[in-house]
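# Structural description and commentary
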Amino acid sequence: MGAKAREYYILFSFLTLLALSSAFQGKKQYKPCKSLVLYFHDIIYNGKNAANATSAIVAAPEGANLTIFAGQFRFGNIAVFDDPITLDNNLHSKPVGRAQGLYVYDTKNTYTAWLGFAFVLNSTDHQGTINFLGADPILAKSRDISIVGGTGDFFMHRGVATIMTDAYEGDVYFRLRVHIKFYECW
Amino acid sequence: MGAKAREYYILFSFLTLLALSSAFQGKKQYKPCKSLVLYFHDIIYNGKNAANATSAIVAAPEGANLTIFAGQFRFGNIAVFDDPITLDNNLHSKPVGRAQGLYVYDTKNTYTAWLGFAFVLNSTDHQGTINFLGADPILAKSRDISIVGGTGDFFMHRGVATIMTDAYEGDVYFRLRVHIKFYECW
Amino acid sequence: MGAKAREYYILFSFLTLLALSSAFQGKKQYKPCKSLVLYFHDIIYNGKNAANATSAIVAAPEGANLTIFAGQFRFGNIAVFDDPITLDNNLHSKPVGRAQGLYVYDTKNTYTAWLGFAFVLNSTDHQGTINFLGADPILAKSRDISIVGGTGDFFMHRGVATIMTDAYEGDVYFRLRVHIKFYECW
């Protein structure tokens, strides 16, 4: 084989391997057209922390109240939130926006929630909103929800967000890490 | 006409008819890239069926309570649910996942609801979530809601779901047949 | 220059200007494939207007009730609505459909809401539903929310809706102007 032929041969082998490996993987892997990692911080109102609380229970099943989560894994509680979004995992970092919406605890025998909320970003880097929707099996290490739309810098974007519980302090505080991956950018 | 010309003539006639028929139909008909039919089963908590109930009223208008639906066609009730999903219409079939989210009764003079929920599928056939949103005019034989996103096997999918009330037993039990039609697959 | 050359020269200058202006604008401008302007009218239940009210508070934070909005900028109130949609800003015009869903007041120190609702259109012009989701900073003159799906005439459509408060009469009545812009039509 001459030098040129060898080059082609190597290239060809490489491409073949690539094709095979992706075939064996079973599923296509898509690359986001845009991605960002953000954190948000939730302090639930418990009857004593009115000044600091960023969220509140506003609906509960029969027999439960609005300052203590309901008995069966919080089943039936709806919480409304307005949580600061930060670039790192520090609650006291300068917020780049607010996470606003609701979570609905919806299982009796484990912790799961249905989430409907928006990121309202308002920083030098990002101006606009991102709309999220999805099922959150809270105890799973990471879980995916849908990004169903956006406005401003995120006009018409769609994607998937991978959320992880980055901190959890009982019924008082939790912090979520949100890896936003857009697969449709405009 | 020779054999070849006749062939062309037949083909041409066929295409013309096709064009005309679709023109007269008025609207384009799209074919789903993927579709599935599933059922889910809802047993509402009425104060006496705590062991079996899969959903609960968690919000009600002034003067109503959380164990009886509100007086004006349930207007103002929000119910949270975690309902088993089955492949057929049998409540006791092995579930392939859970339907989780909420329905909001939103009309005073007839039965309608706003739905926000996810299918969380976890079977040998399907792993992933499907996110639904839409208006449900409950008394209509069939009604369409939007599929606005998905994860896992349904990564980034969009579509329309046609729901039908497959069984309705007063304020205790209902079963919905959900025909999921994806028009954007990835 | 001859007449023909002059024409080309003018055209060329015009196109150059157009290109420059859009480059300086920084952001691509998309043209909707379909757009419409509609109004909807909300009369909140306050304990005395049961006959006319089109919406009701159904959830509230601890200590609040269901006939008066909660104290901190309504934070924690969820309202369910079934509002008439009209072509102009007259509450008494013939409705072309209903806006149905919920708004969730989600900030303690200003007026903002998370919206989840559908337009159910049923007129000679439009038959179908449009599904909306998004953050509403109510005091802003205009704000954008996402259109995440549709059915019927709006099958699989996506877009952005610009909403403006067209009238606001205390805690009794408000009217929103909704400029619907679809960027994905089918």
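These numbers come from a predicted model, not from an experiment.

### A closer look at the interface of chain A and chain C
With 37 residues of chain A at the contact, the number on the chain C side is 29 residues. Carbon and sulfur atoms make up 65% of the surface buried where chain A meets chain C, a total of about 2400 Å² over both sides. At the boundary of chain A with chain C, the tally comes to one salt bridge. Among the ionic pairs, Arg158 of chain C bridges to Glu184 of chain A, the shortest N-O distance being 3.7 Å. Among the secondary structure elements, those contributing two or more residues to the side of chain A that touches chain C are strand S2 (55-59), strand S3 (78-86), strand S4 (97-105), strand S5 (112-122), strand S6 (127-137) and strand S7 (142-152) of chain A. Considered class by class, the residues forming the side of chain A that touches chain C number 20 nonpolar, 13 polar and four charged.

### Details of the layout of surface pockets
Roughly 530 Å³ of volume is contained in the largest pocket. Lining of the largest pocket is provided by 27 residues; of these, Arg98, Gln100 and Val120 of chain A together with Thr112 and Pro137 of chain C occupy positions nearest its centre. Where the lining of the largest pocket is concerned, the elements lending two or more residues are S4, S5, S6 and S7 of chain A together with strand S6 (127-136) and strand S7 (142-152) of chain C. Looking at the lining of the largest pocket residue by residue, the classes come out as eight nonpolar, 13 polar and six charged.

### With respect to the relation of the copies chain A and chain B
Mapping chain A onto chain B leaves a residual RMSD of 0.0 Å; the transformation is a rotation of 120° accompanied by 0.0 Å of translation along its axis. Between the two chains, the operation in question is that of a three-fold axis.

### Structural notes on the pairing of strand S5 (residues 113-122) of chain B
Residue and element names in this part refer to chain B. Most of S5 sits inside the fold, with eight of its 10 residues counted as buried. Across nine bridges, strand S4 (residues 97-105) lies against S5 in antiparallel orientation. If you follow Tyr105 over to S5, its bridge partner there is Ala113. By the bridge criterion, 10 bridges tie S5 to strand S6 (residues 127-136) in an arrangement that is antiparallel. Bridge pairing links Asn122 to Gln127 in S6. Counting the residues that bridge the hairpin from S5 to S6 gives four residues.

### A look at the relation of the copies chain A and chain C
Two copies of one chain are present, and they are related through a rotation about an axis combined with an axial shift. Expressed as a screw operation, the relation of chain A to chain C combines 0.0 Å of axial shift with a rotation of 120°, fitting to an RMSD of 0.0 Å. The share of interface residues of chain A whose copies in chain C are also at the interface is only 16%, consistent with the copies meeting through different surfaces.

### Overview of the state of the cysteines
Residue and element names in this part refer to chain B. Overall, the coordinates contain three disulfides over all chains when judged by the stated rule. Note that Cys33 is cross-linked by a disulfide to Cys185, the S-S spacing being 2.1 Å. On the sign convention where negative means left-handed, the S-S torsion of about 90° between Cys33 and Cys185 marks this disulfide as right-handed. Pair noted here: Cys33 is in the loop between helix H1 (3-25) and strand S1 (34-43) and Cys185 is in the segment after strand S9 (173-184), with a separation of 152 residues, a long-range link.

### Concerning the nonpolar core
One finds Ile78 and Leu102 of chain A, Ile78 and Leu102 of chain B together with Ile78 and Leu102 of chain C to be the most contacted residues of the largest nonpolar core, which totals 45 residues. Once you skip the residues sitting within four places of it in the chain, Leu102 of chain C turns out to touch Ile78, Val104 and Trp114 of chain B together with Ile78, Ala79, Phe81, Trp114, Leu115, Gly116 and Phe117 of chain C.

Criteria and thresholds
- Residues numbered from 1 in each chain as written.
- Chains lettered and ligands numbered in written order.
- Predicted model: local features only at pLDDT ≥ 70, side-chain atom pairs only at ≥ 80, totals over all residues.
- Heavy atoms only, no water.
- Contact = heavy atoms within 4.5 Å.
- Buried area = accessible area lost by both parts, 1.4 Å probe.
- Salt bridge = Lys/Arg side-chain N within 4 Å of Asp/Glu carboxyl O.
- Helix = DSSP H or I, 4+ residues; strand = E, 2+ residues; numbered from the N terminus.
- Nonpolar A, V, L, I, M, F, W, Y, C, P; charged D, E, K, R; others polar.
- 1 Å grid on protein atoms, 1.4 Å probe; cavity = no way out; pocket = protein on both sides within 12 Å on 5 of 7 lines; lining within 4 Å.
- Points joined across faces, edges and corners; volume = space filled by probe spheres on them.
- Least-squares fit on C-alpha atoms with pLDDT ≥ 70 in both.
- Buried < 20%, exposed > 50% of the residue type's maximum accessible area, 1.4 Å probe, protein only.
- Pairing = 2+ DSSP bridges.
- Disulfide = S-S within 2.5 Å.
- Core = buried A, V, L, I, M, F, W, Y, C linked by side-chain atoms within 4.5 Å.

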